[in-house]
Amino acid sequence: MIDTSAVSIPPRRKRPGGGGSAVPPSGSAGGANGPDGSTAKDHSTPPFSESWRQDFPASIVVLLVALPLCLGIALASGAPLSSGLMAGVIGGIVVGMISDSQLMVSGPAAGLTAIVLAGITAVGSFPAFLTAVIIGGVLQIVLSFLRAGVIGYYFPSAVIRGMLAGIGVILILKQLPHAVGYDSDYLGDESFVQPDGENSFTAIFSAFDAIQPGAVVICLVSLLVLVLWAQSPALKKIKLLPGPLVVVLAAIALNALFGVTQPEWVLGATHLVQLPVAETASDLLTFVIFPDFSSITNPEIWRLGFTLAIVASLETLLSLEATDKLDPYKRESDTNRELLAQGIGNTFSGLVGGLPLTGVIVRSSANIQAGGRTRYSAILHGILLLVAVLSIPSALNYIPLSALAAILLFTGYKLAAPSLWVSTYKLGVQQFIPFAVTVVAIVLTDLLVGIAVGMLVGLTFILSEYLRQPALMRVSAPDAVLQRFQLPDQATFLSKANISQTLDALAPGSRIEIDGRNTKRFDHDVLEILHEFRTTAALREIDYRLVGVPALTSPSTSAH
């Protein structure tokens, strides 16, 4: 998926331990502890003086991906367009500077649009909603010091791979209409049911009735450029001129050429980026919207703040886990530090009129595919976004959406590449089925629902495997006179059926010993079965003894 032929991959870094502060010491983000306790240099995370040749071009690519997404998400959320841009800038600069992740890019997320839209309606105004964003940010800071980021370590790898492939499939489905000039839905939508009443599949069929030849030509040329740039060793060496930037420049030139050669192919404003343009300095001040703190006594504000904190944190932790898996240098990030960064970012975003933000896998994967190497690519993208909005908004409004759709199509293919499906299939059904179910669920619902469905399927496989394992492990020879069995470390109610079946299968007249000395937990259900079998054993003339098994007591005082 990522070309690592030109780099040396260091050993995989260990995640930070469970103790200590939620915030690692300054300078530790890029290093690992050496054998003598000192901080060893992490050669995969060089200083900016060495990494800028990779990070600067990557930041341009992320800018081109993030710009329309910031606008589209703001539009779909019923918020001012400037709020999406503000969140993109803060996600890049503020979160990028604090985060421990070297490659994840943060900004407004499509997964929060429904919550934002409903929230603005519920609290009555966007300034009041900003107060909820601040509350959500403060709660994320609290979660970071409570070390709630540990949740991020418990997502199965099959589900994370399914998340990446699912996002890739969504990108492909959602960008196909934009590729042919059908721009009724906003660029960057990830939900199956669209705000315009269509869904991911019906929108593709509707696009056949609204094909714009100019958009099709621009998209095809853009894809050709991207493929050539990815395949040609000579073009890869042009580090400071990334393929997506060439795509955008070529698309603008093509649309201008259509005006001379094929006027009916020219793409109008509805098929181009529509960035708000400030005519005067005073117009720029309107981009900054301050929160209405008088609404803080409204219980709905607090409910919304808690909702934003939980959902944004979950989406961030998922994106962080996925980004670390895509990282060609195999660095692993501190999840608690990430919650802190997101909390500070959301607090700041709410103070200046920005949308709530999370870590975003689409931007992060674009960053990785463009060759980003350190956090500076995310920070630079935020700086470039701010500079572009302030200085050249009119020029950016010449960018065709079909060219940006081509970039996202290419990104989607990389995320959902056939090789990923093949490699996961080879791991066996226990990996492939949760992976495939996660992909389908994400495509047909949204990110968090799809992950939840994938987790349930994964847990079902784990539970099924656990139930198939013998709860009573035979530790004596099969022909021994005394048959000895050992109980597992955790004798829970899940072992009831297995233990009962084993005891029922014992031959009459046999000698049995069940050893529970190494068992740390006994559920009352298990103790009940083991002790009540004494009656059955006596009737079947079985010499039955229990070693290290607590006495049976009432459920309220069951031994452990």
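All values derive from a computational prediction rather than experimental measurement. (Residues numbered from 1 in each chain as written. Predicted model: local features only at pLDDT ≥ 70, side-chain atom pairs only at ≥ 80, totals over all residues. Heavy atoms only, no water.)

1. Observations regarding the overall build of the protein chain
- Within the protein chain, the regular secondary structure consists of 21 helices and 10 strands.
- The principal-axis extent of the C-alpha atoms belonging to the protein chain is close to 100 × 55 × 55 Å.
- Among the 560 residues that make up the protein chain, the fraction classed as buried is 52%.
- Considering only contacts within the protein chain whose residues lie at least 6 apart along the sequence, 81% involve residues at least 24 apart. (Helix = DSSP H or I, 4+ residues; strand = E, 2+ residues; numbered from the N terminus. Buried < 20%, exposed > 50% of the residue type's maximum accessible area, 1.4 Å probe, protein only. Contact = heavy atoms within 4.5 Å.)

2. Details of the sheet that holds strand β8 (residues 511-515)
- Strand order across the open sheet formed by 4 strands is β5-β6-β8-β10, with mixed pairing between neighbours. Two strands in the sheet have a free side with no partner beyond their single neighbour: β5 (473-474) and β10 (543-547).
- Note: β8 against β10, 5 bridges, orientation parallel. Bridged to I512 within β10 is Y544.
- Across the sheet, helix α21 (residues 524-539) touches β8 and β10, and the angle it forms with β10 is around 165°. (Pairing = 2+ DSSP bridges. Axes fitted to C-alpha atoms, helices over the stretch in contact; angles between N-to-C directions.)

3. Some remarks on the pattern of salt bridges
- Counted according to the given criterion, the structure contains 10 salt bridges.
- Here D525 ties to K496 by a salt bridge, and the two come within 3.5 Å at their closest N and O atoms. In this pair, D525 is assigned in helix α21 and K496 in helix α20 (residues 496-504), connecting sequence segments 29 residues apart.
- When its relative accessible area of 32% is taken as the criterion, K496 is described as partly exposed.
- One salt bridge in this structure joins D543 and R511, with 3.4 Å as the shortest N-O distance. (Salt bridge = Lys/Arg side-chain N within 4 Å of Asp/Glu carboxyl O.)

4. A closer look at unusual backbone geometry
- For R147, which is not a glycine, the phi torsion comes out positive at approximately 60°.
- Looking at the secondary structure, you find R147 in the loop between α4 (126-145) and α5 (157-179).
- The exposure class assigned to R147 is buried, which follows from its relative accessible area of 19%.
- Here K330, not a glycine, exhibits a phi torsion of approximately 55°, which is positive.

5. Quick notes on the nonpolar core
- Membership of the largest hydrophobic core comes to 108 residues, with the highest contact counts inside it found for F129 and V362.
- The element that contributes the greatest number of residues to this core is helix α1 (residues 48-76), accounting for 11 residues.
- The residues touching V362, leaving out its near neighbours within four places in the chain, are V65, L69, I167, L171, E190, L408 and T411.
- In terms of nonpolar packing, the next biggest core, distinct from the first, is built from 21 residues, I499, L506, I514 and V526 among them. (Core = buried A, V, L, I, M, F, W, Y, C linked by side-chain atoms within 4.5 Å.)

6. Quick notes on empty space enclosed by the protein
- Within this structure, the stated rule accounts for 5 cavities of 30 Å³ or more.
- Within this model, the largest cavity holds a volume of roughly 120 Å³.
- Elements represented by at least two residues in the lining of the largest cavity include exactly α1, α5, α11 (299-326), β4 (357-360) and α13 (361-369).
- Take the lining of the largest cavity: its biggest share by element is 3 residues, from α13.
- Across the lining of the largest cavity, the residue classes break down as 11 nonpolar, 3 polar and 3 charged.
- Of the volumes computed, that of the second largest cavity is approximately 60 Å³.
- Around the second largest cavity, the lining is made up of 11 residues, and of these Q102, D324, D327, R331 and S333 lie nearest the centre. (1 Å grid on protein atoms, 1.4 Å probe; cavity = no way out; pocket = protein on both sides within 12 Å on 5 of 7 lines; lining within 4 Å. Points joined across faces, edges and corners; volume = space filled by probe spheres on them. Nonpolar A, V, L, I, M, F, W, Y, C, P; charged D, E, K, R; others polar.)

7. What to know about the environment of P127
- Its location among the elements puts P127 in helix α4.
- Among the residues examined, P127 registers a relative accessible area of 28% and is labelled partly exposed.
- Once residues lying within four places of it in the same chain are set aside, the contact partners of P127 are I289, F290, P291 and D292.

8. Topic: the confidence of the model for the protein chain
- The predicted model of the protein chain has a mean per-residue pLDDT of 88, with 91% of residues at 70 or higher.
- Low confidence marks residues 1-14, where pLDDT is under 50. Its contacts with residues over four positions away, or in another chain, come to 25 contacts. (pLDDT = per-residue confidence, 0-100.)

9. With respect to α4
- Between the first and last C-alpha of α4 there are 29 Å, a value that for 20 residues agrees with the 28 Å anticipated at 1.5 Å per step.
- Here α4 lies mainly inside the structure; 14 of its 20 residues are buried.
- You can read the cap of α4 off the contacts: a side-chain oxygen lies 3.2 Å from the backbone nitrogen of A128, and it is on S125.
- Immediately downstream of α4, the backbone of R147 shows phi near 60°, a positive value. (Expected span 1.5 Å × (residues − 1). Polar contact = N/O pair within 3.5 Å; in protein donor to acceptor, adjacent residues only side chain to side chain.)

10. A word on a nonpolar patch on the surface
- A cluster of nonpolar residues, F201, F205, F208, I211, V440 and L444, forms a patch on the protein surface that exposes about 610 Å² of accessible area.
- When you line up the elements, F208 lands in the loop between α6 (202-207) and α7 (213-231). (Patch = residues over 30% accessible without salt bridge, like charges linked within 9 Å, V, L, I, M, F, W, Y side chains within 5 Å. Areas by Shrake-Rupley, 256 points an atom, 1.4 Å probe, with all protein chains shown as cover.)

11. Remarks on α7
- In a regular helix each residue adds 1.5 Å, so 19 residues correspond to 27 Å; α7 covers 27 Å between its end C-alpha atoms and thus fits that length.
- Along its buried surface, α7 packs onto α5, α8 (233-236), α9 (243-261) and α16 (401-415).

12. Describing the side chain of S106
- Within the secondary structure, S106 sits in strand β3 (residues 105-108).
- We classify S106 as buried; its relative accessible area is 2%.
- Dropping the residues within four chain positions of it, S106 is found in contact with G88, G91, G92, V95, E338, Q342, T358, G359, V360, R363 and H381.

13. What to know about the packing of aromatic side chains
- Tallied over the entire structure, the rule returns 9 aromatic pairs.
- Relative to F201, the ring of F192 lies with its centre 5.8 Å away and its plane at 65°, an arrangement referred to as edge-to-face.
- With a relative accessible area of 16%, F192 lands in the buried category.
- Look at F201 and you get partly exposed, because its relative accessible area is 36%. (Phe/Tyr/Trp six-rings, centres within 6.5 Å; stacked < 30°, edge-to-face > 60°.)

14. Things to note about the packing of α11 against α13
- Interhelical geometry of α11 versus α13 gives an angle of 15° and a closest axis separation of 10 Å. Classed by the angle they form, the pair α11 and α13 counts as roughly parallel. Between α11 and α13 lies a crossing whose hand is right-handed. In contact with S319, A322, T323 and L326 of α11, α13 contributes I361, S364, S365 and I368.
- Its residues assigned to classes, the contact of α11 with α13 shows 4 nonpolar, 4 polar and no charged. (Parallel < 35°, antiparallel > 145°, perpendicular 65-115°, else oblique. Left-handed = near helix turned anticlockwise from the far one by under 90°.)

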